[in-house]
Amino acid sequence: MKKLRVPAAALALALAVVAPATLAADKVLHAFLSTGETGLDPAVASDLASLSLLENLFEPMLRYDYEARPVKLAPSGLREMPASDASGTVWTFHLKPGMFFSDDPAFNGKKREVTAADYKFAIERLLDPALKSPWSFMFEGKLADLRALDKYTLRLTLKEPDPSLLFYLALPATGAVAKEVTDAYGSQVGNHPVGSGPFAIEQWKRSDKITLTANKGYHQVWQGKHLPIVDKVEVKIMEEYQSRVLGFLNGEFDYIEQVPESMRDMVLDPSSATPVLQQELAKRGMVLSPFPVLQTYYMWMNMEDPLIGGYSKEKVALRRAIALGYNGPEDIALLKKGLAIPAQSPLPPNVLGYDPAYRSPVSYNPKLAKALLDRFGYKAGKDGFRTLPNGQPLALLMHSEPTMVGRLRDELWRKNLNALGIRVSFKTDKKTEIIKASRLGKVQMFETNWVADFPDGDNFFQLLYGPNSGRANYARFNLPDYNSRYEKARQLRDGPERNALYRELNQLIHAYNPWVLLIHPISADIRQPWLKNYNRHPVELTNWRYLDIEPKSSMTPALH
């Protein structure tokens, strides 16, 4: 057989034409989550790690405009922003035609278009008692009617107007869910997430590594570009703070948010009064962005615990003494490295209902804390440690995470409580396991945080609403005076009347002390020079669909 000879110039030209289309490497975003996911059922998950994944897998009817500040809702699964009737109770939603779920065997090899019935089903799942959804509060007792009028039209009728309704419809919990998927996987649906969002699961090694692949049929366009821009997102679970920072500095991750306080001297100039990158990192093109997070850190105490819980005067005195013994100034200066402000109430700045003039009546005062304990019978023994009013030993048990920062937090609490004559020991476990135990009422006290699901005070005050016990109300606080005021407040729009109720809720929290309010963090966020379009959003947990990766070969070499 005669061999066909191809001129070298022609071959080179052919390769030059073909290479970009066939040999171009995937754009891969490298990110991490600080804790493992608990599961990926949008009706059930409420931890930050799971929600960060879910908002990329499932498509709600609304999302937040990526660039608008103050934040603004925008249509996502809808053709336009929804409208209500004059009463504010009947809402009509018009879906975009041509949205599809990611492929799954549950669809028998067919493309499955998203319909109004899928959004209806997603909301109904939140109210299923069997699921014990932490999101049921959004619709429980509020719906008068919910129906799909046709393939692309949903009508939702409320018993009373709810100012937070549209915020709810921007959460992963209300993203479209196909009934075929829940029928196919039953109680294991959280292990088989199938949504219509910008990404789909490609690989999932639980609590270790998750790879998301772009949903090429995703419908959103931003600045003339179809989203998502990257082809894949590789997400590692990095529970140890040092590993996250070192991984970022080695180029393993494209950005790092909320640099841990114990690691800040590695990346920030310790001689500067304001956050500034170390000179070497700035020379490498890294960019620092201080960011005020809509987040509150608090230490909750189980109100049903026989030792620390209850509403009697001596139990209230114990919890208030613990709150008075928390050394907030030391925490902010030494552990937070100045990147935090004291929490006066559950609401962080920039949330609707936040009152910048409000000041907590419970601030660091160990002398008053000791006097309070003495007055209510918590007597100090010869060893300096106190007993209960009945003479039994007073020894607290606080759960904590087995990380470097977790150990630093343990030492802060040990120092604060021992100074009052209170013994405390610590039980370490993964946060996912602590959350599960907390929902069952099996944790005495635990330090945690809440990031706004939506920028409204209701999202924070619901954390202490009695009917939410066993869900987001980890403290299991159930005070009729609080519940009735919260129920009145959630019927009102942001304004003076609601703000007055919020002030009363704050006062009840400080009177009974189910929480020790800690801080609102200011996040130190750093990105690599090759990461483009990064703009952290105050509410949405991730911005992966907007991000772009510039080839590292085109970047200026790192300077050492």
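Before reading on, note that the structure itself is shown above.
Please read these numbers as outputs of a predicted model, since none were measured by experiment.

To continue, consider empty space enclosed by the protein. Scanning all chains against the criterion turns up six cavities of 30 Å³ or more. Of the volumes computed, that of the second largest cavity is approximately 180 Å³. Around the second largest cavity, the lining is made up of 17 residues, and of these E55, L171, P172, D453 and L541 lie nearest the centre. Mapped onto the lining of the second largest cavity, the elements with two or more residues apiece are α2 (48-57) and β2 (62-64). With three residues, the single largest contributor to the lining of the second largest cavity is α2. Residues that form the lining of the second largest cavity fall into these classes: 13 nonpolar, no polar and four charged.

With that out of the way, let us pick up the sheet that holds strand β17 (residues 395-400). Hydrogen bonds along the backbone pair up the strands of a sheet, which may run parallel or antiparallel. In spatial order, the strands read β18-β17-β19-β15-β20; together these five strands make up an open sheet with mixed pairing. In the strand order of this sheet, the two ends are held by β18 (423-428) and β20 (515-517), each with one partner. With strand direction ignored, the average angle separating the axes of adjacent strands in the sheet is 30°. In terms of strand pairing, strand β15 (residues 295-301) meets β20 through three bridges, oriented antiparallel. Paired with M299 across the two strands is V516, which belongs to β20.

Residue position: R264 is located in helix α7 (residues 264-267). By relative accessible area, which is 3% here, R264 ends up buried. Other than its neighbours up to four places away in sequence, R264 contacts V259, K336, K337, L339 and I522.

Reading the values: rules and limits
Residues numbered from 1 in each chain as written. Predicted model: local features only at pLDDT ≥ 70, side-chain atom pairs only at ≥ 80, totals over all residues. Heavy atoms only, no water. 1 Å grid on protein atoms, 1.4 Å probe; cavity = no way out; pocket = protein on both sides within 12 Å on 5 of 7 lines; lining within 4 Å. Points joined across faces, edges and corners; volume = space filled by probe spheres on them. Helix = DSSP H or I, 4+ residues; strand = E, 2+ residues; numbered from the N terminus. Nonpolar A, V, L, I, M, F, W, Y, C, P; charged D, E, K, R; others polar. Pairing = 2+ DSSP bridges. Axes fitted to C-alpha atoms, helices over the stretch in contact; angles between N-to-C directions. Buried < 20%, exposed > 50% of the residue type's maximum accessible area, 1.4 Å probe, protein only. Contact = heavy atoms within 4.5 Å.

Without other data, these values stay purely geometric and don't point to any function.
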